[in-house]
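Single-letter residue listing:
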Amino acid sequence: MNLGGSPKTHFMFQMENPLVGIFNRERTILTFRQRSLEFFAAWIGIVCGGGLFLMPWLNRITGFGFILVSFEWSVFFGALIACASIWAMLMFTMIRFDCRKRTFSMRTRIGLIPKFQSGSIDEVRHLELAPYGGLFPTTIAQSVAPGMLAAPVQFGHLYVIRLHWQQQGRAPIVVEHVQMMQGYGVHDSGMMNFAQKAQQYSNALKVPLYSNIPLPGMQRVN
């Protein structure tokens with residue numbers, strides 16, 4: 001693990017909804033995607049809105065099913081909820097790295113508009129392990145929905161893996177996080193596991209990994 005030094009970041013991470021890294025079976029594709037209450041709420045909205053939209057049509061054509069409100073209201077609000085949920089889903093950040101082709105595709109947002117980008121993995125400068133200084137959920141909320149934004153963390157500490165770009169001024173992205181409880185031996189063990197996961201990402205992308213976290217056997221980078 002490269003711990004020789006890391007450029008200091010000049011960005012303030014006040015609120016972020018971090019991602020979760022997932023490899024495909026062949027470990028040639030690494031995807032960072034959203035896992036939070038907002039993600040599941042969007043799927044629920046699509047299913048419920050679609051059902052609310054389709055049910056009155058099914059009832060009118062076949063005579064089966066039921067509607068709770070008038071046909072027009074059910075169709076209107078069903079379509080509205082489904083479309084809003086699909087739009088929310090498109091707003092979530094996702095980064096897909098093809099480690100074999102050395103390319104990436106990314107979906108982010110600018111204001112209320114989704115933005116799609118693609119490029120070479122060579123645009124990634126390095127990964128960084130660091131304590132988090134922004135807002136994250138409480139312990140209970142975190143255990144239910146990893147990545148959900150809420151209140152500052154209680155009863156422990158949060159650490160993140162940040163992805164930094166070669167381009168100056170391009171904001172780093174929190175691609176994964178972990179919450180560590182205070183406890184003898186538990187904290188260091190959990191952090192070593194988290195560092196190993198970060199090293200797997202670094203090896204897959206073939207980019208350096210730097211650490212700002214004091215761990216046994218690791219040099220802290222200031």
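The shown structure was predicted, so the numbers you read here are calculated from the model rather than taken from an experiment.

Participant: Explanation requested: the overall build of the chain in the structure shown.
Facilitator: When its secondary structure is counted, the chain shows 4 helices and 9 strands. Counting all 222 residues of the chain, 41% fall into the buried class. Within the chain, residue pairs in contact and separated by at least 24 positions form 61% of the contacts whose partners lie at least 6 positions apart. Element-wise, carbon and sulfur atoms account for 63% of the exposed surface of the chain, whose accessible area totals about 12,500 Å².

Participant: Is there a simple way to explain the nonpolar core in this structure?
Facilitator: Grouped together as the largest cluster of nonpolar side chains are 30 residues, with contacts concentrated most on Leu30, Phe32, Phe97, Leu129 and Ile161. Looking at this core, the elements with two or more residues in it are β1 (19-23), β2 (29-34), β3 (94-98), β4 (103-110), β6 (124-131), β7 (156-165), β8 (173-181) and α4 (186-205). Per-element tally for this core: the top contributor is α4, with 7 residues. Among all residues touching Phe97, those that are not within four sequence positions of it are Thr28, Ile29, Leu30, Phe32, Thr103, Phe104, Ile121, Val124, Leu163 and Leu205.

Participant: Can you help me understand the pattern of salt bridges in this one?
Facilitator: Pairs can form between side chains of opposite charge whenever their charged atoms are close. What the rule picks out here adds up to 4 salt bridges. Note that Asp122 is salt-bridged to Arg102, the shortest N-O span being 3.2 Å. Residue Asp122 is located in the loop between β5 (113-120) and β6, and its partner Arg102 is located in the loop between β3 and β4; the two are separated by 20 residues in the primary sequence. Arg102 sits in the partly exposed class, given a relative accessible area of 23%.

Participant: So what exactly am I meant to see when it comes to the side chain of Ser74 here?
Facilitator: With respect to the helices, strands and loops of the structure, Ser74 is situated in helix α2 (residues 71-91). Exposure remark for Ser74: the relative accessible area of 2% places this residue in the buried category. The residues contacting Ser74, other than those within four sequence positions of it, are Leu52, Phe53, Pro56 and Val69.

Participant: Could you clarify how one ought to interpret the packing of aromatic side chains in this entry?
Facilitator: The geometry of an aromatic ring pair is captured by two quantities: the separation of the ring centres and the angle between the planes. Under the defined criterion, the tally for this structure stands at 8 aromatic pairs. Ring geometry for Phe32 versus Tyr201: centroids 5.1 Å apart, planes at 80°, classification edge-to-face. One end of the pair, Phe32, is in strand β2; the other, Tyr201, is in helix α4, with 169 residues separating them in the sequence. You'll find Phe32 and Tyr201 in the same group, each marked buried. Between the aromatic rings of Trp57 and Phe71, the centroid separation amounts to 4.9 Å while the plane-to-plane angle is 80°, which identifies the pairing as edge-to-face.

Participant: What is the right way to read a nonpolar patch on the surface from this model?
Facilitator: A contiguous nonpolar surface patch, about 640 Å² in accessible area, is contributed by Leu52, Val69, Trp73, Phe76, Phe77, Leu80 and Ile81. Here the nonpolar patch takes 5 residues from α2, the largest share from any one element. Locating Leu80 in the fold gives a position in helix α2.

Participant: How do you make sense of the pairing of β1 when you look at a structure like this?
Facilitator: Remember that side chains alternate between the two faces of the sheet whenever the strand is regular. Taking every second residue as pointing to the same face, the buried face of β1 carries Leu19, Gly21 and Phe23, while none of Val20 and Ile22 on the other face is buried. As judged from the 5 bridges shared by β1 and β2, these two strands associate in the antiparallel manner. In the sheet register, Val20 faces β2, and the bridge partner there is Arg33.

Participant: Explain the pairing of β2 to me, please; I cannot follow it from the model alone.
Facilitator: Burial runs high along β2: 5 of the 6 residues are buried. The turn joining β1 and β2, which pair antiparallel and follow one another in sequence, is formed by 5 residues; a positive phi near 60° is taken by Arg27. Bridge count between β2 and β3: 5 bridges; the pairing is antiparallel. Looking across to β3, one finds that Thr31 is bridged to Arg96.

Rules used in this analysis
- Residues numbered from 1 in each chain as written.
- Predicted model: local features only at pLDDT ≥ 70, side-chain atom pairs only at ≥ 80, totals over all residues.
- Heavy atoms only, no water.
- Helix = DSSP H or I, 4+ residues; strand = E, 2+ residues; numbered from the N terminus.
- Buried < 20%, exposed > 50% of the residue type's maximum accessible area, 1.4 Å probe, protein only.
- Contact = heavy atoms within 4.5 Å.
- Areas by Shrake-Rupley, 256 points an atom, 1.4 Å probe, with all protein chains shown as cover.
- Core = buried A, V, L, I, M, F, W, Y, C linked by side-chain atoms within 4.5 Å.
- Salt bridge = Lys/Arg side-chain N within 4 Å of Asp/Glu carboxyl O.
- Phe/Tyr/Trp six-rings, centres within 6.5 Å; stacked < 30°, edge-to-face > 60°.
- Patch = residues over 30% accessible without salt bridge, like charges linked within 9 Å, V, L, I, M, F, W, Y side chains within 5 Å.
- Pairing = 2+ DSSP bridges.

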